[in-house]
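Coordinate analysis (summary)
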Amino acid sequence: MTIRALPFELFVQILEQLTPSKDSDESITVLISCLKASTSLRTAASVSGLWEPHYRVRYTICDPVKEQLRKQSTGGDWRLMYFKRRRIDLETLDMLFKIVTERGDGRLERARDVNTMFSFDAWNVLEIAANYPLPEAFRGPGAPEQGPVPPHAVPTRFWAQMLLGAIARSNAVRTWGELVSNDTPQALELSFACVSSFFVYPPMKVLSQLEELTALCKAYFIEHQIPLDPAEFTTDARKLRLVCSSICDFLWSCGFEAADGQQFHMLQNRFPHLFLTTHKATIPISLVYVFVCIARKIGVAASPVDFPTRVLAVVSSPDPDVSEFFVDVFGSRTQAILTLHDNIPQFLIQAGVTATSMLHWISPASSTSMLVRASRNVLASVYSFPAGAVPEVVLHTAFYASLVVNVIFMHDHRYLLNIMSHIKWFLLDLLPVLVDSLTPLLNPRLQEQLTTHCKAIIEDEKEAAATSHPRSPLTREVKFFVGMVFKHAAHGYVGYVYGWDPSCVAAEDWIREMGVNSLSRGRHQPFYYALTQNGSTRYVAEDNIRTTCLEPADVCRIFIDAPEAGRYFEDLTQVDGKARFLLSPELNAAYPDDEAFG
């Protein structure tokens, strides 16, 4: 029997054995080859159902509106839908390549285009790019084998991550903007999930985690014979309290618990993607958020309460004869259920709340008030950490998220000014997040301020792109080079040079504060722009620079602790106790002679 004589069904069964993969095109390449082969193979490979598992594995994140339009335009044909997403992938990668290799404000416009045209439809391909294999020099001892390293893999990883962040944060800002005119109880779950978007964690993943947690809770209820039918428990005071206290018990059985001591002030237990996974010992507002989301999914009318000492949940019944009560999730190991008659007044009096204002503190809280309270918790934590205790990028990201929440809902220009001082860490956010998403939510005065700041940054980018620093007789005093790894002679930290000036160009106040004139060559010596190992930036006099190399453990953490290094460097060489990075296209253009210098 020739291959052409094989039954059609057998062709389909053979092609069904192709393994779906999120980051490999091998199986898809086979399917596409079949589409170009004989009529029988082409017909078999065109079967929509063959493409569905590949689509679902490869494309786990999407823009829901665009996905619905895709289904309508293709009639739900998974093959055609795959091709449409693949074209988006290719367009996204083309724009990403230009962001990597070009300087100036053009990369800001490209980030806007990716967000406007594709939004979350670009997520999966950018996620693959953000995890391209690293050059061998950056892999730790015993690291698993990786595939071939694409050109400019390191800066591509950096800018892909920046694009992912711009997409997620733009969506978060727009979601929060909707609360301004439509703050419903149902908005809590999504709006709070969007806090994690600032850490490049899409809200749909948080929502999926909550769904999984709810499924586990239902299984726990069945195992412990707790009522699951809302018709049975919502109008029965005893059963309703049992259900709520059992949700608390379930959470504790999953590892959730009340944080104490230094643990209470950890930044990580303020963000949903972390307190749902690795930091379950967390604060009251986080525990109440999880409780309320699960409770609502199983039919309990629960809401957070902006209680003065710690956030509680309030639970009501459709039966007017069943009194509402409160759930102290954080303190549930001692007493989960609190009542308005027995407990709440005493707690309010202890907190200094007067009788005339008590109603405010026991009413269901809006999503807006919970977001603002969560942001204030983050700000309190940011200021409580000693220098170096948390990577700089984590602090800046947490601070950024909190500032955006406050500027949207509090309209305070001080928050806006702080956002602009942090935007250098999130450069691709400038147009899609600040201009397109945030500006329309502000009052005219803040809109004008934000627009002015953004225009100034765009001009700075244009100027930087037009500036080059070739070696010349005027720079002969510059002894060191971009890409050099050094140790600070006075403070001992390790840094990576990403720029230089022939002499100090800092402001007089900084020169005076840092004691520059007390150095042996004072201000009239080369100064170097540097990243430290924890990701902070420094401006360092040549007098204080000593050549050094990096330990293997430090090499493995470069892009974790100082992700900005991925913007500037591509590879690493270490010879005779000296280390230097190879430069990214951006730095090669800015310092065209430094790669060969030294």
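Fair warning: this is a prediction, and the values are worked out from it, not measured in the lab.

On to the sheet that holds strand β9 (residues 527–532), then. The strand order β10-β9-β8-β7-β11 describes an open sheet built from 5 strands, whose pairing is antiparallel. Lying at the two open borders of the sheet, with one neighbouring strand each, are β10 (537–541) and β11 (545–547). Within this sheet the neighbouring strands show an average axis-to-axis angle of 50°, counted without direction. Two strands pair when backbone bridges link them, and β9 and β10 are joined in this way by 5 bridges, in the antiparallel orientation. Counted as the bridge partner of Leu531 is Thr537 from β10.

Let us now look at the nonpolar core. One finds Trp176, Leu251, Phe291 and Leu434 to be the most contacted residues of the largest nonpolar core, which totals 125 residues. Sorting elements by how many residues they give to this core places helix α9 (residues 153–181) first, with 13 residues.

Turning our eyes to something else, we now look at the packing of aromatic side chains. One pass over the structure, following the stated rule, counts 29 aromatic pairs. Ring geometry for Phe264 versus Phe330: centroids 6.0 Å apart, planes at 90°, classification edge-to-face. Within this pair, whereas Phe264 is found in the loop between β1 (257–258) and α14 (272–275), its partner Phe330 is found in the loop between β5 (325–327) and β6 (337–338), the two being separated by 66 residues in sequence. These aromatic residues form a ring-pair network of at least three members: Phe138, Tyr496, Tyr498, Trp510, Phe527, Tyr529, Tyr539, Phe559, Tyr568, Phe569 and Phe581. Over the ring of Phe597 we find Arg471; its NZ or CZ atom is 3.7 Å from the centre of that ring.

Next up on the list: the state of the cysteines. Scanning the entire structure with this criterion turns up 0 disulfides. Here Cys293 stays unpaired: no disulfide links it, and the sulfur of Cys194, its closest cysteine neighbor, is 12 Å away.

Phi is positive for Val200, which is not a glycine, with a value near 60°. Within the element layout of this structure, Val200 appears in the loop between α10 (187–193) and α11 (203–223). The class of Val200 is buried, set by a relative accessible area of 18%. The backbone of Asp576 shows a phi angle near 55°, a positive value even though the residue is not glycine. As for its position among the elements, Asp576 is in the loop between β12 (569–575) and β13 (578–583).

Below, the discussion takes up the packing of α9 against helix α19 (residues 392–410). The contact between α9 and α19 brings their axes to 10 Å, and the two run at 30°. Compared by their axis directions, α9 and α19 come out roughly parallel. Crossing of α9 over α19 shows right-handed handedness. Across the interface between the two elements, Arg169, Val173, Trp176, Leu179 and Val180 from α9 touch Tyr400, Ala401, Val404, Val405, Ile408 and Phe409 from α19. Partitioned by chemical class, the residues of the contact of α9 with α19 number 10 nonpolar, no polar and 1 charged.

With that out of the way, let us pick up the side chain of Arg169. Here Arg169 lies in helix α9. Those residues in contact with Arg169, other than ones at most four positions away along the chain, are Met162, Ser197, Phe198, Val200, Tyr400, Phe426, Asp429 and Val433.

As a further point, take the pattern of salt bridges. Using the criterion set out here, one finds 32 salt bridges in the structure. Two residues, Asp89 and Arg58, come together in a salt bridge whose shortest N-O distance is 3.9 Å. You can see Asp89 sitting in helix α6 (residues 78–101) and its partner Arg58 sitting in helix α4 (residues 48–58), a full 31 residues away along the chain. In terms of burial, Asp89 and Arg58 fall into one category: buried.

Reading the values: the criteria
Residues numbered from 1 in each chain as written. Predicted model: local features only at pLDDT ≥ 70, side-chain atom pairs only at ≥ 80, totals over all residues. Heavy atoms only, no water. Pairing = 2+ DSSP bridges. Helix = DSSP H or I, 4+ residues; strand = E, 2+ residues; numbered from the N terminus. Axes fitted to C-alpha atoms, helices over the stretch in contact; angles between N-to-C directions. Core = buried A, V, L, I, M, F, W, Y, C linked by side-chain atoms within 4.5 Å. Buried < 20%, exposed > 50% of the residue type's maximum accessible area, 1.4 Å probe, protein only. Phe/Tyr/Trp six-rings, centres within 6.5 Å; stacked < 30°, edge-to-face > 60°. Lys NZ or Arg CZ within 6 Å of the ring centre and 35° of its normal. Disulfide = S-S within 2.5 Å. Parallel < 35°, antiparallel > 145°, perpendicular 65-115°, else oblique. Left-handed = near helix turned anticlockwise from the far one by under 90°. Contact = heavy atoms within 4.5 Å. Nonpolar A, V, L, I, M, F, W, Y, C, P; charged D, E, K, R; others polar. Salt bridge = Lys/Arg side-chain N within 4 Å of Asp/Glu carboxyl O.

In short, the description is geometric, and any link to function would need to be established separately.
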